[in-house]
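Here is how the chains run, residue by residue.
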Amino acid sequence: MGSKVNLELKSKFEHLELPPYSSYIADFGGINIGSGQFNSGLDVKANQGVLDGVVKIHIEDLEFTPLSEADAKRLSEKAGVPIETAVKLLKDPKGNIDLALPVTGTVVEPSVDISSAITKAIGNTLKAVFPPTLIVSMLSSVKEGGSQTFKPVLFAPGSSELSTEARKYLDELATLLKKRPTLSLHICGRATPDDFKELTLISIKLPPDPKPEQIEERQRLLKTHGPKLLELATERTRTVRRYLITDKGLNATQVSECRLSFNPDDAQPPRVIVTL
């Protein structure tokens, strides 16, 4: 068969149980397969040796764990998002994954583009499920190399009460989690110097070149009032979590709390950080 060959290939592979092949997949893929059934279809043509076609993949009930942190990082870089999040985004409401992998190149050097197929599938999911404002905030966090962080829930200084705007925003988050029950949120309350000033009427912002006595006084104030600021961050987290679970009906396992903090040098507004 020469390099300028013309041909047409079609094939179908169905109902392959993946767990028996977990050890082989681990060697080249870096993951352990807990469950999953694999189906695929090949439709490729070659014109003068140039390939054009697609490999369609349908996976049911996929569960897996990366072998190591290094494997998880490598897979996440290929997917463009943390690998566990990528799989959750790829799954439809029934837990199935459908991918169309473009086949290009030549019969001598074929190329199957997995990364672009995953990116496109994730993008389609985002467009179908997420409001446009949430997509923008998610994609910006991905480009910066972080986890999928939405815009934060903002609070008035010194307050843990939800504004009308904050409730509307949380309603959008609740809607998307109901459409994708495998997704979950981490919420992290933050207290800031604006809160400190509102609660104590004292500013703890230091000048560009602070004197030793100014630094010492600031440390004293933080020691005295710091616990109160952490309590405020805690109450903000609980307020958001309670609203999503009690008022909007999300499963408690879909909304978890992460580390609270009060940073005296935080220049951002009082908030709760929301991460997918």
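Residues numbered from 1 in each chain as written. Predicted model: local features only at pLDDT ≥ 70, side-chain atom pairs only at ≥ 80, totals over all residues. Heavy atoms only, no water.

1. Comments concerning the state of the cysteines
- One pass over the structure, following the stated rule, counts one disulfide.
- Disulfide pairing places Cys188 opposite Cys258 at an S-S distance of 1.5 Å. One disulfide, between Cys188 and Cys258, carries an S-S torsion of -65° and so falls in the left-handed class. Pair noted here: Cys188 is in strand 7 (residues 185–191) and Cys258 is in the loop between strand 8 (255–257) and strand 9 (261–262), with a separation of 70 residues, a long-range link. (Disulfide = S-S within 2.5 Å. Helix = DSSP H or I, 4+ residues; strand = E, 2+ residues; numbered from the N terminus.)

2. Some thoughts on the pairing of strand 3 (residues 50–66)
- One ladder, built from 15 bridges, connects strand 2 (residues 31–47) with strand 3; its direction is antiparallel. Counterpart to Val44 in the pairing with strand 3 is Gly53.
- Hairpin connection, strand 2 to strand 3: the antiparallel pair is bridged by two residues, and Gln48 has positive phi, about 55°. (Pairing = 2+ DSSP bridges.)

3. Some words on the environment of Gly34
- For Gly34, the location among the structural elements is in strand 2.
- A C-alpha to C-alpha distance of 5.1 Å links Gly34 and Glu63, two positions 29 residues apart in sequence.
- For Gly34, the residues in contact, after removing those within four places along its chain, are Pro19, Glu63 and Phe64. (Contact = heavy atoms within 4.5 Å.)

4. Quick notes on the sheet that holds strand 5 (residues 110–112)
- Ordered by their spatial adjacency, five strands build an open sheet running 1-2-3-4-5, and the pairing between neighbours is antiparallel. Looking along the sheet, the strands with just one partner apiece sit at the ends: strand 1 (7–17) and strand 5. Going across the sheet, the axis of each strand differs from the next one's by a mean of 20°, ignoring polarity. (Axes fitted to C-alpha atoms, helices over the stretch in contact; angles between N-to-C directions.)

5. Description of the side chain of Arg236
- By the element assignment, Arg236 lies in helix 8 (residues 212–247).
- Residue classification places Arg236 among the buried residues on the basis of a relative accessible area of 0%.
- In this structure Arg236 touches Phe155, Ala156, Pro157, Gly158, Ser159, Ser160, Arg190, Ala191, Asp195, Pro270, Arg271 and Val272, once residues within four positions along its chain are discounted. (Buried < 20%, exposed > 50% of the residue type's maximum accessible area, 1.4 Å probe, protein only.)

6. Observations regarding the confidence of the model for the protein chain
- Residue-level pLDDT values for the protein chain average 83, and 86% of them are 70 or greater.
- Low pLDDT (under 50) marks residues 139–146, which in the prediction has eight contacts with non-local residues, meaning those over four places away or in another chain. (pLDDT = per-residue confidence, 0-100.)

7. Some words on the pairing of strand 2
- Pairing between strand 1 and strand 2: nine bridges, direction antiparallel. Its bridge partner lying in strand 2, Ser11 is registered against Leu42.

8. Here's the deal with unusual backbone geometry
- We note that His15 has phi near 60°; this positive angle belongs to a residue other than glycine.
- One non-glycine residue, Asp61, lies in positive phi territory at about 55°.
- Following the sequence through the fold, Asp61 ends up in strand 3.
- The partly exposed category is assigned to Asp61, whose relative accessible area is 47%.

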